Amino acid sequence: MAIQLQQIDMNLFPVLDAIYATRNLTRAAERLHITQPAVSNALARLRRALDDQLFIRTPSGMSPTPLTENIMPRVQQALALLSSSVTEHHQFEPSTAQKTLRLSMNDMAETLVLPQLLEHLQQVAPGITVESFYVPRDQLVKELAANSLDFALDIPMVSATQLNQQRLVADRYQCMLRPDHPLASESSLTLEQYLSLEHIHVSSRRSGPGLADIALNKLGRRRKIRLRVQHYRVAPLIVLKTDLALTVPASLVRQYPASCFELPFQIPKMDWHLLWHRSQGEDGANKWLREQIISLFG
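Residues numbered from 1 in each chain as written. Predicted model: local features only at pLDDT ≥ 70, side-chain atom pairs only at ≥ 80, totals over all residues. Heavy atoms only, no water.

A.B. asks: Sorry, what's going on with the sheet that holds strand 4 (residues 128-133) here?
C.D. replies: Strand pairing in a sheet is mediated by backbone hydrogen bonds. Such pairs are either parallel or antiparallel. In space, the five strands of this open sheet follow the order 4-3-5-12-6, with mixed pairing throughout. Two strands lie at the open edges of the sheet, namely strand 4 and strand 6 (163-171), each paired on one side alone. In this sheet, neighbouring strand axes are inclined to one another by 20 degrees on average, regardless of whether the strands run parallel or antiparallel. Sheet topology places strand 3 (residues 99-104) next to strand 4; six bridges connect them, and they run parallel. Note on strand 4: the bridge partner recorded for Ser104 is Phe133. Packing against the sheet, helix 5 (residues 107-124) makes contact with strand 3, strand 4, strand 5 (151-154) and strand 12 (270-277), and its axis sits at approximately 175 degrees to strand 4. Relative to strand 12, helix 6 (residues 137-145) is tilted by about 30 degrees, and along the sheet it contacts strand 3, strand 5, strand 6 and strand 12. (Pairing = 2+ DSSP bridges. Helix = DSSP H or I, 4+ residues; strand = E, 2+ residues; numbered from the N terminus. Axes fitted to C-alpha atoms, helices over the stretch in contact; angles between N-to-C directions. Contact = heavy atoms within 4.5 Å.)

A.B. asks: What exactly am I supposed to notice about helix 2 (residues 25-32) here?
C.D. replies: Every α-helical turn comprises 3.6 residues, leaving residues that sit three or four positions apart pointing alike. Burial in helix 2 covers these residues: Leu25, Ala28 and Ala29. Along the axis of helix 2, the buried positions cluster into a sector of 100 degrees, meaning they face one direction only. Next to the buried residues of helix 2 lie helix 1 (12-22), helix 3 (36-50), strand 1 (55-58) and strand 2 (61-64). The opening residue of helix 2, the one whose side-chain oxygen lies 2.8 Å from the backbone nitrogen of Thr26, is Asn24. Residue His33 follows helix 2 closely and has a positive phi angle near 60 degrees. (Buried < 20%, exposed > 50% of the residue type's maximum accessible area, 1.4 Å probe, protein only. Arc of directions from axis to C-beta. Polar contact = N/O pair within 3.5 Å; in protein donor to acceptor, adjacent residues only side chain to side chain.)

A.B. asks: Can you walk me through the packing of aromatic side chains in this structure?
C.D. replies: Centre-to-centre distance and the angle between the planes together describe a pair of aromatic rings. The final tally for this structure, using the stated rule, is one aromatic pair. Geometrically, the ring pair formed by Tyr194 and Phe265 is edge-to-face, given 5.1 Å between the ring centres and 65 degrees between the ring planes. Of this pair, Tyr194 sits in helix 7 (residues 191-196) while Phe265 sits in the loop between strand 11 (259-262) and strand 12, and the two are 71 residues apart along the sequence. Across this residue pair, the class does not change: Tyr194 and Phe265 are buried. A cation over an aromatic ring shows up here: Arg23 above the ring of Tyr20, its NZ or CZ 4.6 Å from the ring centre. (Phe/Tyr/Trp six-rings, centres within 6.5 Å; stacked < 30°, edge-to-face > 60°. Lys NZ or Arg CZ within 6 Å of the ring centre and 35° of its normal.)

A.B. asks: How should the pattern of salt bridges be read in this particular structure?
C.D. replies: Opposite charge on two side chains allows them to pair when their charged atoms are near. Scanning all chains against the criterion turns up 11 salt bridges. Arg167 is paired through a salt bridge with Asp271; the nearest N and O atoms lie 3.0 Å apart. Separated by 104 residues along the polypeptide, Arg167 in strand 6 and Asp271 in strand 12 bring together distant segments of the chain. A relative accessible area of 18% means that Asp271 is categorised as buried. Of the charged contacts in the structure, one is a salt bridge between Arg223 and Asp213, with a shortest N-O distance of 2.8 Å. (Salt bridge = Lys/Arg side-chain N within 4 Å of Asp/Glu carboxyl O.)

A.B. asks: Is there a simple way to explain the pairing of strand 2 in this structure?
C.D. replies: Side chains on a regular strand alternate between the two faces of the sheet. Bridge count between strand 1 and strand 2: four bridges; the pairing is antiparallel. Considered in strand 2, the bridge of Thr58 is made with Gly61. Here strand 1 folds back onto strand 2, and the loop between the two strands holds two residues.

A.B. asks: What's the story with the side chain of Asp154 in this structure? I'm lost.
C.D. replies: In this fold, Asp154 is placed in strand 5. Here Asp154 falls in the buried class, since its relative accessible area comes to 5%. Polar side-chain contacts of Asp154 include one of 2.6 Å to the side chain of Arg137. If we skip the residues at most four places from it in the chain, Asp154 touches Tyr134, Arg137, Leu140, Asp271, Trp272, His273 and Leu275.

Encoded structure:
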């Protein structure tokens, strides 16, 4: 009669392994931290399931039957594989890991994070590859829960109780001008000077105001938008070739040979958070990787 594996309780195989290793029911029970009657009961269930005595009681201990001798190498191999899989969930060895790290971030976050992150991973975890793409905020929880995404770098999502969040940096906005701009020699910008400039507005949307525009509207003022683009990466390159101004987080300004000024009005900081799903909180790889990302921000 063919034996159906799904009909056998997999919890019985560690008992089989313990009896095989100790040749004694009492010592097997001690090894498994259960009672001897529990070991005897598990052995009886396995005997019925496999239709074999499995062990014969002898003066020298429990002697395995030919069937037991035949199946034990594969049973031990399977148990070792299962044990290593569980251990790897909690322990992570970066130097030998083969893993793909999937990040959701916009182009500005890529500019700030990826050069340093890849340099670091190349040294300490050369087997890790990185995929970066943007997932809309209304889909982040779903993607993180499905484990099709490891982390997101974005603004805080207060209502997403399924996610863990760690602030990376609160980045203030500055005004960026090319180094030989007519106003570059000024020690600071007044509000009137700022409003006299023509500006680049970065947004993935086709229309709508940015943070600077919202702040200016509260003052009853308005800036002139000369160019609207989708990506932060291209905007500084345009600034360096034109008289246009760019209001952008300070960490991005510092990467270019440009003049930068504090804004002459109040605007909320860019609050960057690292987000991951709570179900991944204790995963060894996830813990190590998020520690590396957090460390990039000091």
